Amino acid sequence: MSRKIIANLFISLDGVVEAPDQWHFPYFNDEMGAAVGTGLDTTEVLLFGRRTYDSFAGAWPEREAAGGEDAGFAKQLGDMRKIVFSRSRLDLRWRNSEQAQGDVAEVAAVLKDEPGGDISLSGSVSVVRQLLAAGLLDELRLLVHPIAVRKGMRLFDEGEPSIPLKLLRSETFTTGVLNLVYGPDTAPPTGGYEEAVATLGE
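These figures come from a predicted structure and were not determined experimentally. (Residues numbered from 1 in each chain as written. Predicted model: local features only at pLDDT ≥ 70, side-chain atom pairs only at ≥ 80, totals over all residues. Heavy atoms only, no water.)

**Brief notes about the overall build of the protein chain**
Our working rule: Under the DSSP-based scheme used, a helix requires at least four consecutive residues in state H or I and a strand at least two consecutive residues in state E, with every element numbered from the N terminus. Based on C-alpha atoms, the radius of gyration is set beside the globule rule, defined as 2.2 Å times the residue count to the power 0.38. Categorising residues by exposure relies on relative accessible area from a 1.4 Å probe, with only protein chains included: less than 20% of the type maximum marks a residue as buried, more than 50% marks it as exposed, and the intermediate range marks it as partly exposed. The contact criterion used throughout is that any non-hydrogen atoms of two residues lie within 4.5 Å. In this description, accessible areas are obtained by the Shrake-Rupley approach with a 1.4 Å probe, and a residue is regarded as covered only by the protein chains that are shown.
Counting its regular elements, the protein chain contains 7 helices and 8 strands. For 202 residues, the compact-globule estimate of 2.2 N^0.38 gives 17 Å, and the C-alpha radius of gyration of the protein chain, at 18 Å, lies within 12% of that figure. For the protein chain, the proportion of its 202 residues judged to be buried stands at 38%. Excluding contacts between residues fewer than 6 apart, the proportion of contacts in the protein chain whose partners are at least 24 apart in sequence is 69%. Carbon and sulfur atoms provide 51% of the accessible area of the protein chain, an area that totals close to 11800 Å².

Written out as structure tokens, the structure is:
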């Protein structure tokens, strides 16, 4: 059985995934912390785009060294293998980090066939999009926040082919955040306007 590739994203009600640090924290609670932690418990490899990696690498090593209440989580991240996608040559100083040798689809396909735990992403929207387009993403985990941010990059680009997904699990937090887990839909619904009208008339 091949490993799973799992993407984890904070997303607003209007689909924004950019700069969650500006709107996410008021909704963070123990329920969300447990959901995020559970996702990492089965993870052995983290995939990053360069900007998300820079954000993580600029924060978590210092938090681990500081020994605060999130030092254990920071150590967990530091101990994992981390693969970063970038067109530019990178100087990666966070331990267990390496630059991807190949494009997203090539590297992900090889990783899926290797033995071991799951492969996860947090953020890194450009990488998530490429995995979805290549049919390599096994789970898309969205923490949908009840706020319309109304500016910033959205998860899905306009003008690209549609991607059918099916809901695997759902949960509602006390904050109103929805924890939604989607997977590929290999047999999406069919039909058109006539079938819908016929159903309404029944």
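**Considering the pattern of salt bridges**
Here is the rule: The working definition used for a salt bridge is a side-chain nitrogen of Lys or Arg within 4 Å of a carboxyl oxygen of Asp or Glu.
This structure, assessed with the given rule, holds 16 salt bridges. The closest approach of N and O atoms between Arg 95 and Asp 79, which form a salt bridge, is 2.8 Å. Highlighted residues: Arg 95 in the loop between strand S3 (81-85) and strand S4 (97-99) and Asp 79 in helix H4 (residues 71-79), separated in sequence by 16 residues. On the basis of relative accessible area, Asp 79 is assigned to the partly exposed category, the value being 41%. One connected set of salt bridges, linked through shared partners, spans Arg 3, Glu 44, Arg 81, Glu 98 and Glu 114.

**Quick word on the pairing of strand S2 (residues 43-49)**
Applicable threshold: At least two DSSP bridges between two strands are required for those strands to pair.
Summarising burial for S2: 6 of the 7 residues are buried, a large majority. Pairing of S2 with strand S5 (residues 118-122) involves 4 bridges; the strand directions are parallel. If you follow Thr 43 over to S5, its bridge partner there is Asp 118.

**A look at the pairing of strand S1 (residues 5-12)**
Within S1, 6 of the 8 residues are buried, which leaves it mostly tucked inside the rest of the structure. Where S1 lies against S5, 4 bridges are found, and the strand directions are parallel. Paired with Ala 7 across the two strands is Leu 121, which belongs to S5. Bridge count between S1 and strand S6 (residues 139-145): 7 bridges; the pairing is parallel.

**Quick notes on helix H6 (residues 125-133)**
In plain terms, the rule: In this description, one arc is meant: the one made by directions from the helix axis to the C-beta atoms.
Listed in full, the buried residues belonging to H6 are Val 125, Val 127, Val 128, Leu 131 and Leu 132. End-on view of H6: buried residues confined to an arc of 160°, all on one side of the axis.

**Some points on the packing of aromatic side chains**
Worth spelling out the cut-off: Two aromatic rings, drawn from Phe, Tyr or Trp (for Trp, its six-membered ring), form a pair once their centres lie within 6.5 Å of each other, and the interplanar angle then sorts them: stacked below 30 degrees, edge-to-face above 60, tilted otherwise.
One pass over the structure, following the stated rule, counts 4 aromatic pairs. Note on Phe 48 and Phe 56: the rings are 5.2 Å apart at their centroids and 65° apart in plane angle, and the pair reads as edge-to-face. Seen from their ring centres, Tyr 53 and Trp 94 are 6.0 Å apart, and the 45° between their planes marks the pair as tilted. Of this pair, Tyr 53 sits in helix H2 (residues 50-57) while Trp 94 sits in the loop between S3 and S4, and the two are 41 residues apart along the sequence. Across the pair, exposure class does not vary: Tyr 53 and Trp 94 are buried alike.

**Some words on the side chain of Ser 12**
Put simply, the test is: Two N or O atoms count as a polar contact when they lie within 3.5 Å, although within protein this holds only if one can serve as hydrogen donor and the other as acceptor, and sequence-adjacent residues are included solely when both atoms are side-chain atoms.
Secondary-structure assignment places Ser 12 in strand S1. On the accessibility criterion, Ser 12 (2% relative accessible area) is buried. Polar side-chain contacts of Ser 12 include one of 2.4 Å to the side chain of Asp 14. Aside from chain neighbours lying at most four places away, what touches Ser 12 is Trp 23, Val 144, His 145, Ile 147 and Val 149.

**Structural notes on the environment of Ala 100**
Mapping Ala 100 onto the fold places it in the loop between S4 and helix H5 (104-113). On a C-alpha basis, the gap between Ala 100 and Ser 124 in space is 14 Å, while along the polypeptide they are 24 residues apart. Excluding anything up to four places from it in sequence, Ala 100 contacts Ile 83, Val 84, Phe 85 and Val 107.

**Let's talk about unusual backbone geometry**
Although it is not a glycine, Ser 124 sits at a positive phi angle of roughly 55°. Along the chain, Ser 124 turns up in the loop between S5 and H6. For Ser 124, a relative accessible area of 4% corresponds to the buried category. At Arg 150, a position not held by glycine, the phi torsion is positive, near 70°. Structurally, Arg 150 is set in the loop between S6 and strand S7 (165-172). In this structure Arg 150 comes out as exposed when scored by relative accessible area, which is 72%.

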